[in-house]
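Structural characterization, general
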Amino acid sequence: MHSGYQVLLIFRHMKRSNFLITLLTGALVLSSCVSNKPAERADEIDKKVNALLAQMTIEEKVGQMVQYNGFYDATGPAPSEGNAQEKYDNLKKGGVGSFLNVRGAKQVRALQKIAVEETRLGIPLIFGLDVIHGHKTLSPIPLAESASWDMQAIKKSARVAAIEASAIGINWTFAPMVDIYRDARWGRVMEGAGEDPYLGAKIGVARIKGFQGDDLSAHNTIAACAKHFAGYGFVEAGKEYNTVDFGTSTLYNIVLPPFKAAVDADVKTVMNAFNIVNGVPSTGNKFLQRDILKGKWGFKGYVISDWASGAEMVNHGFAADLKEASLHAAEAGCDMDMESYTYVNHLVDLVEEGKVNVSIVDEAVGRILRVKYELGLFDDPYKYCDEAREKELLYHDDHQAAALDMAHKSVVLLKNEGGILPLAKDQKKIAVIGALADDKTSMLGSWRIGSDDGTAVSVLEGLNKHTANYTYAKGADVVAGDVNFVFHLNENTTDKSGFKEAIQLAKKSEVVVMVLGEHGFHSGEARSRTKIDLPGVQQQLLEEVYKVNQNIVLVLTNGRPLALPWAADNIPAIVETWQLGTQSGNAIADVLFGAYNPSGKLPMSFPRSVGQCPIYYNKFSTGRPVNAEKNVFWSHYTDEENDPLYAFGYGLSYTTFEYADLKIDDANPKAIKVSVKVTNTGGVSGEEVTQLYIRDKAASVVRPIKELKGFEKYTLAANESKEVTFTLTDAELGFYDNQGNFIVEPGMFDVMVGTSSVKGLSGSFELK
Ligand code: BGC
């Protein structure tokens, strides 16, 4: 998230702490060696942890529970001015367990050296960073990647991110975000896997496996962090940091399953959340952290707070002061504090006053030390600090190739009337309109702390590889002036002075490619919007161009679902490209010219209007779901349809797939087989994602009208057919009751298998 402003801020801060930097980095030349030791067995690690704990003072123990923001960067409200000295002094005393936002092999090594060589026990630090969709080489934003429904590609993307991050000293990423959400107004929808817990769990696990690899002690694997535990995706009205309120059925069946899957996949850390759940802030929530996460699920890693979420319990009205907040957080099972200063300032006193039992501290520290051992940091604290590796790996060609593959697979073709796409190789007179077509930064998306501005391949650059037959006119900017979205929002532009040139160009062109959408920083943390249309004057530009040339391909680039009913009605071709990262322009041009046949499917419903939010496919039936009486008294709007503009699971291809022969074999209730024959009928090779949805017709706690319970992605050559078979077991057919017990109830089920959540073949079976 670099901008001029942030760089300035960093510089300002650098000046202040100049002497520190000199101290920290001066003459610290140490050879780098890479540990090849195999992962140690858990019981051996436990022994070492206990032995170390036995030597630690209470101050050193609490120190392990403290995470500071780095000395020269900030991703949240900055810590109190000038506390760098205090942090530095505390580090030397062994009072810090972790830093976030320190990056670069040299910087990390400098701090690590102090921890290892200057403190009494020499316990290494763990370095965390938000490596959300890559470090330097950026993959598409997570929501876009999720549209691929391709677990191998997603895992690879996380692997690449881990390789680059681990080369700059980082050994812990604050990802994946596995929050489920249903409201496109919320800016953080870009950071997760969409609205469905089944798909979301699979994607979360793929990301964790990519980050953590098979051996956490390798020098290029890093600890993952499932966040935000729990319910952050349900902020009311999509407003950032807002109140959250949902019932137990939603908690157990929608919010928690992706976290449970993450724990089962051995995620090493979990981040709690800013929000309240049932009136109790997540950070101080014993039920969530102790009873469910560490108790019922047996989570062995450690819990980190979100940025200052411990201190924010005072604002929530849950703790009278920071000391009480510290007490609540520790008791509730929050093991490490990020930038709240609650533990560092109060926890030792609380233990000495007998208010917090030392066993709580021991448990937290044991968890943190265990992860440090598993990473191999005790064997070689500098294993991630190899400047040669850093130079060699950042922006590596292999990473670019993986990013391009992921970008291709993330594109969703929303509309293609009259076969306007793909464009012919010799297509003449192409007009390209829209500021985002010539932008090398916006499509990197939000949450890209380590990235460099201007490193995305622009759409124009991508097009250059396919054609020379285009002319470009900007038409209109998205935001006014320089983009400075890091800490403040810019105004969307109102300037229409470029319209005339764009319209004239469109008039004399055969086809118009309009690249419109959001700026990369319209979404992300603290980027909620009440209007989810095209910002600025872009909608007007689209309509003006349409008046002179209707042969328009609308290339959308955005971090959230947008509500664009006019475009859906009028524009013949619409391609959803989200923000595709470093390889954006190449991927987009490949799709436009048919070098890649789009295969993405929406992981989140696109509303017709913002008034439909929250909108999601796996809703419950109401008592009045249809208007059989043709009167007004049923569940609907008087001025808008009930269904979304584009449904969950929807996405077209340049070919077509026909579904036939749905077969259901329910002879074995423990393994019900559902199969369907799919044929590629569209004349070109393509990839399809076949999706299976169930509906439990009557249950002791009502079930959604549709729930995704299986999917398979595969390629079919033209005219090729394939039988796709799913097996439904208790895991797919059961659900959580309101006490959190997983139960399977006999009875009738509907099943639908098809190409989206709204199109497929339906049947039913009885679970006996
Ligand atoms: C976000 C977290 C993030 C943390 C550290 C917080 O504001 O909610 O997701 O990991 O900052 O940057």
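Residues numbered from 1 in each chain as written. Predicted model: local features only at pLDDT ≥ 70, side-chain atom pairs only at ≥ 80, totals over all residues. Heavy atoms only, no water.

1. What to know about the overall build of the protein chain
Basically, it comes down to this: Runs of H or I in DSSP of at least four residues are treated as helices and runs of E of at least two as strands, each being numbered from the N terminus. Our radius of gyration looks at C-alpha atoms and nothing else; its globule reference is 2.2 Å times the residue count to the power 0.38. Throughout this description, buried means an accessible area under 20% of the type-specific maximum (1.4 Å probe, protein chains only), exposed means over 50%, and partly exposed covers the range between. Any two residues having at least one pair of non-hydrogen atoms within 4.5 Å are treated as being in contact. Under this rule, positive means Lys or Arg and negative means Asp or Glu; His and the chain ends count for nothing. Where a charge sits is defined by one atom per residue type, namely NZ (Lys), CZ (Arg), CG (Asp) or CD (Glu).
Helix and strand counts for the protein chain come out as 24 helices and 25 strands. Its C-alpha radius of gyration of 26 Å places the protein chain within 12% of the 27 Å reference for a compact globule of 768 residues. Seen through its C-alpha atoms, the protein chain measures out along the principal axes to roughly 75 × 65 × 50 Å. Here the protein chain holds 768 residues, and the buried ones make up 63% of them. Considering only contacts in the protein chain between residues 6 or more positions apart, those separated by 24 or more positions represent 79%. For the protein chain, the distance from the average position of its 79 positive side-chain charges to the average position of its 95 negative side-chain charges is 1 Å.

2. Side note on the pairing of strand β16 (residues 573-576)
Note the following rule: For two strands to be treated as a pair, DSSP must find no fewer than two bridges joining them. For a crossover, the right-handed case is the one in which the path from the first strand over the helix to the second runs clockwise, viewed with the strands pointing away from the viewer.
Burial along β16 is two-sided: the face carrying Ala 573 and Val 575 and the face carrying Ile 574 and Glu 576 are both buried. In this sheet, β16 lies alongside strand β15 (residues 552-557) in parallel orientation, the contact comprising 4 bridges. For Leu 556, the partnering residue across the bridge sits in β16 and is Glu 576. Each parallel crossover has a hand, and for β15 linked through helix α22 (residues 565-570) to β16 it is right-handed.

3. Some points on the site of the ligand
How we decide: A molecule or strand has a residue near it when one of that residue's heavy atoms lies within 4 Å. We define a polar contact as two N or O atoms separated by no more than 3.5 Å, with the added condition that, inside protein, one atom must be a possible hydrogen donor and the other a possible acceptor, whereas residues neighbouring each other in sequence contribute only through side-chain atom pairs. In this description, accessible areas are obtained by the Shrake-Rupley approach with a 1.4 Å probe, and a residue is regarded as covered only by the protein chains that are shown.
The local shell around the ligand holds 13 residues, among which Asp 130, Arg 188, Lys 227, His 228 and Asp 306 are the closest. Within the side chain of Asp 130, one N or O atom sits 2.5 Å away from an oxygen atom of the ligand. The contact in question runs from an oxygen atom of the ligand to an N or O atom on the side chain of Lys 227, over 2.8 Å. Protein contact buries 99% of the 310 Å² of open area that the ligand shows by itself.

4. Things to note about the packing of aromatic side chains
This is how the line gets drawn: Side-chain rings of Phe, Tyr and Trp, where Trp is taken by its six-membered ring, are said to pair if the distance between their centres is within 6.5 Å; with planes under 30 degrees apart they count as stacked, over 60 as edge-to-face, and otherwise as tilted. Charge-over-ring contacts are defined here by two conditions on Lys NZ or Arg CZ: a distance within 6 Å of the ring centre and an angle within 35 degrees of the ring normal.
Tallied over the entire structure, the rule returns 25 aromatic pairs. Centroid distance Trp 172 to Tyr 302: 5.3 Å. Interplanar angle 70 degrees. Geometry classified as edge-to-face. Placement of the pair is Trp 172 in strand β4 (residues 172-173) and Tyr 302 in strand β9 (residues 302-304), with a sequence separation of 130 residues. For Tyr 302, a relative accessible area of 0% translates into the label buried. Seen from their ring centres, Tyr 373 and Phe 378 are 3.8 Å apart, and the 15 degrees between their planes marks the pair as stacked. What links up through ring pairs into an aromatic cluster is the set Trp 149, Tyr 198, Tyr 617, Phe 648, Tyr 693 and Phe 711. Of note, Arg 182 hangs over the ring of Tyr 616, and the distance from its end group to the ring centre comes to 3.6 Å.

5. Side note on empty space enclosed by the protein
Threshold: Buriedness for pockets is judged along seven lines, at least five of which must meet protein on both sides within 12 Å for an open set on the 1 Å grid over protein atoms alone, while cavities are sets there where a 1.4 Å probe fits but cannot get out, and lining residues have an atom within 4 Å of a point. Grid points are joined across faces, edges and corners, and a volume is the space filled by probe spheres set on the points. In the scheme used here, Gly and all other residues not listed as nonpolar or charged are polar, with Ala, Val, Leu, Ile, Met, Phe, Trp, Tyr, Cys and Pro taken as nonpolar and Asp, Glu, Lys and Arg as charged.
This structure, assessed with the given rule, holds 8 cavities of 30 Å³ or more. Reported here for the largest cavity is a volume of approximately 100 Å³. Around the largest cavity sit 13 residues that line it, and Gln 64, Gly 94, Gly 95, Thr 119 and Ile 123 are the ones nearest its centre. When its residues are assigned to classes, the lining of the largest cavity shows 6 nonpolar, 5 polar and 2 charged. Its boundaries defined by the atoms lining it, the second largest cavity holds a volume of some 70 Å³. Partitioning the lining of the second largest cavity into residue classes produces 3 nonpolar, 4 polar and 3 charged.

6. Examining the nonpolar core
Let me state the cut-off plainly: The nonpolar core is taken to be a set of buried Ala, Val, Leu, Ile, Met, Phe, Trp, Tyr and Cys residues, with the residues joined through side-chain atoms within 4.5 Å. The split of the chain into domains comes from an automatic or database domain assignment.
Ranked by internal contacts, the top residues of the largest apolar core, which has 192 residues, are Leu 256, Met 514, Val 553, Trp 578 and Leu 592. In terms of residues, this core owes the most to one element, helix α16 (residues 358-375), which gives 9 residues. Two domains share this core, each providing at least three of its residues, namely domain 1 (4-55 + 63-392) and domain 2 (412-599). Excluding anything up to four places from it in sequence, Trp 578 contacts Ile 141, Leu 143, Ala 144, Ala 147, Ser 410, Val 412, Leu 556, Thr 557, Asn 558, Leu 602, Pro 603 and Phe 606.

7. Brief notes about the layout of surface pockets
Computed from the structure, the largest pocket encloses a volume of approximately 630 Å³. If you trace the largest pocket, you find 25 residues lining it, with Tyr 616, Lys 619, Phe 620, Asn 642 and Ile 705 closest to the centre. When grouped by side-chain class, the residues that make up the lining of the largest pocket number 13 nonpolar, 8 polar and 4 charged.

8. Description of helix α14 (residues 322-332)
Three or more residues of α14 are buried, namely Ala 325, Ser 326, Leu 327, His 328, Ala 329, Ala 330 and Ala 332. On its buried side, α14 packs onto α12 (286-296), α13 (312-316), α15 (342-352) and α16. The backbone nitrogen of Lys 323 lies 3.2 Å from a side-chain oxygen of the residue at the head of α14, namely Asp 321. One or two steps after α14, the chain reaches Gly 333, where phi turns positive at roughly 105 degrees.

9. Focus: the side chain of Asp 737
Within the secondary structure, Asp 737 is located in the loop between β22 (735-736) and β23 (742-743). Only 2.8 Å separates the side chain of Asp 737 from the backbone nitrogen of Gln 739, close enough to count as a polar contact. Setting aside its immediate chain neighbours within four residues, Asp 737 contacts Tyr 252, Val 701 and Ile 743.

10. Topic: the sheet that holds strand β11 (residues 412-416)
Put simply, the rule reads: Axes, fitted as lines to C-alpha atoms, cover a helix only where it is in contact. Angles between the N-to-C directions of the axes lie from 0 to 180 degrees.
What the 6 strands build is an open sheet, ordered β11-β16-β15-β14-β12-β13; its pairing is mixed. A strand with exactly one partner marks an edge of an open sheet, and here the two such strands are β11 and β13 (470-473). Taken over all neighbouring pairs, the strand axes of this sheet differ in orientation by 15 degrees on average, direction set aside. Sitting on the sheet, helix α23 (residues 584-592) touches β14 (511-517), β15 and β16, and the angle it makes with β15 is about 150 degrees.

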